[in-house]
Structures are given as structure tokens and as C-alpha cells.
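Secondary and tertiary structure notes
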Amino acid sequence: MTEHAHQHSHRHAHGGSAGVMERAGNWFATSPAGPLIVAAGAVCGCAALAVADPTTPGGPTPVCPTKTLLGVTCPGCGTARMLYSLTHFDLSGAIRYNAVAVVAVVLLAWAWVVWMGRTLGKRLPTWTTWKWLPHVTVAVLVIWTVVRLLPFPPFTALHV
């Protein structure tokens, strides 16, 4: 046995760093604390956006690097402003800033509910295992990007 292999097996046999990380990951994924920690992080992030107001030019939130460097609207452009609008219960503003991101927020909320349910022993239907999910996601993002870049009405209303 090589020295490296011996150290590797010794670390795993005695609960070394790899074992601790694996146990922590399993705990995070299977304990209700995992989804609660993620929810707390999301609430803190949204609270920061609610205060920072990304709809005001020159504010503390960073400018989209894609738009700054390339001058084009990327699929994620407007997401911070969309979240800001949602934190102020302005659904029409959120949709105007980034309609696809609004759908993504709904899907992420659904995935969170499924995750929390599973930690509590419930079996809930999920969208994350749909067979065509990767294909549909790529298609939606490509179409969204192209549609937002079209230089004529009504698509110019999608420019943010």
C-alpha cells in the first residue's frame, strides 16, 4: 500500500475530514435544519435587496457584468430588480424586469417545499426529476435571450 493510500484509508477509517464533510452534507440534506438555513439565507438576501434598491442607478448593488462588458441583456439581467419588486409585492414590476426569473423563483420555492417535506417524511411531487428538464431549461433561456435582444416592439419593452 502506498503512503498516500494508507493515509487516505486511515482518514476514512477514523472519521477524518472527508467523513465529517460527508456526514455534514447528509445532515444538511436530511434534517429540517438544512431547508431552514437555506430559507434564512434567502430571506437575508432578499432583505438586503429590499434595502439596497437595485432599481436606483448608482446604488450599492453591482451592475450586471454581461451588460457592462458586452452591452447586451443576458437571461439573468433584471433578476435583482425582479427580487426587489417581489419583496415589495409588485408582481407586475417583477414580471417586467425578468419574467423567466419569476418562474424560476416559483420553481425554487416548490423545490424548497419538497425538500422540507422530505426531511419531515413526506413524499411530495417534484419537478427536478423531469426527463426533459435540462432541454427545456436551455431552450427557454436561449429563446428568452433572443427575444429580449430583438430591437423592435413589443420586444423592446423587455429591455432592462
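Because the structure is predicted, anything quoted here is derived from the model rather than measured.

The rules behind each value
Residues numbered from 1 in each chain as written. Predicted model: local features only at pLDDT ≥ 70, side-chain atom pairs only at ≥ 80, totals over all residues. Heavy atoms only, no water. Phe/Tyr/Trp six-rings, centres within 6.5 Å; stacked < 30°, edge-to-face > 60°. Helix = DSSP H or I, 4+ residues; strand = E, 2+ residues; numbered from the N terminus. Buried < 20%, exposed > 50% of the residue type's maximum accessible area, 1.4 Å probe, protein only. Arc of directions from axis to C-beta. Contact = heavy atoms within 4.5 Å. Axes fitted to C-alpha atoms, helices over the stretch in contact; angles between N-to-C directions. Parallel < 35°, antiparallel > 145°, perpendicular 65-115°, else oblique. Nonpolar A, V, L, I, M, F, W, Y, C, P; charged D, E, K, R; others polar. pLDDT = per-residue confidence, 0-100.

1. Details of the packing of aromatic side chains
One pass over the full model with this rule turns up three aromatic pairs. Relative to Trp-130, the ring of Trp-110 lies with its centre 5.9 Å away and its plane at 75°, an arrangement referred to as edge-to-face. In this pair, Trp-110 sits in helix H6 (residues 91-119) while Trp-130 sits in the loop between H6 and helix H7 (133-149), placing the two residues 20 residues apart along the sequence. With 5.7 Å between their ring centres and 85° between their planes, Phe-152 and Phe-155 make a pair best called edge-to-face.

2. Comments concerning helix H5 (residues 79-87)
Looking only at H5, the buried set comprises Met-82, Tyr-84 and Ser-85. Taken around the axis of H5, the buried residues stretch over an arc of 160°, which confines them to a single face. Contacts from the buried residues of H5 go to helix H3 (33-52) and H6. Just downstream of H5 lies Phe-89, where phi reads positive at about 55°.

3. What to know about the packing of H5 against H6
Between two packed helices, what matters for the description is the angle formed by their axes and the separation of those axes. Interhelical geometry of H5 versus H6 gives an angle of 110° and a closest axis separation of 8 Å. Classed by the angle they form, the pair H5 and H6 counts as roughly perpendicular. Note on element contacts: H6 touches H5 through Leu-91, Gly-93, Ala-94, Tyr-97, Asn-98, Ala-101, Val-102 and Val-105, opposite Thr-79, Arg-81, Met-82, Leu-83, Ser-85 and Leu-86. In terms of residue class, the contact of H5 with H6 is made up of nine nonpolar, four polar and one charged.

4. Quick word on the side chain of Ser-85
Tracing the backbone through its elements, the reader meets Ser-85 in helix H5. Excluding anything up to four places from it in sequence, Ser-85 contacts Asp-90, Gly-93, Ala-94 and Tyr-97.

5. Quick notes on the confidence of the model for the protein
In this model, the protein carries an average pLDDT of 85, and 89% of its residues clear a pLDDT of 70 or more. Note on residues 8-13: pLDDT under 50 across the span, and four contacts to partners over four residues away in sequence or across chains.

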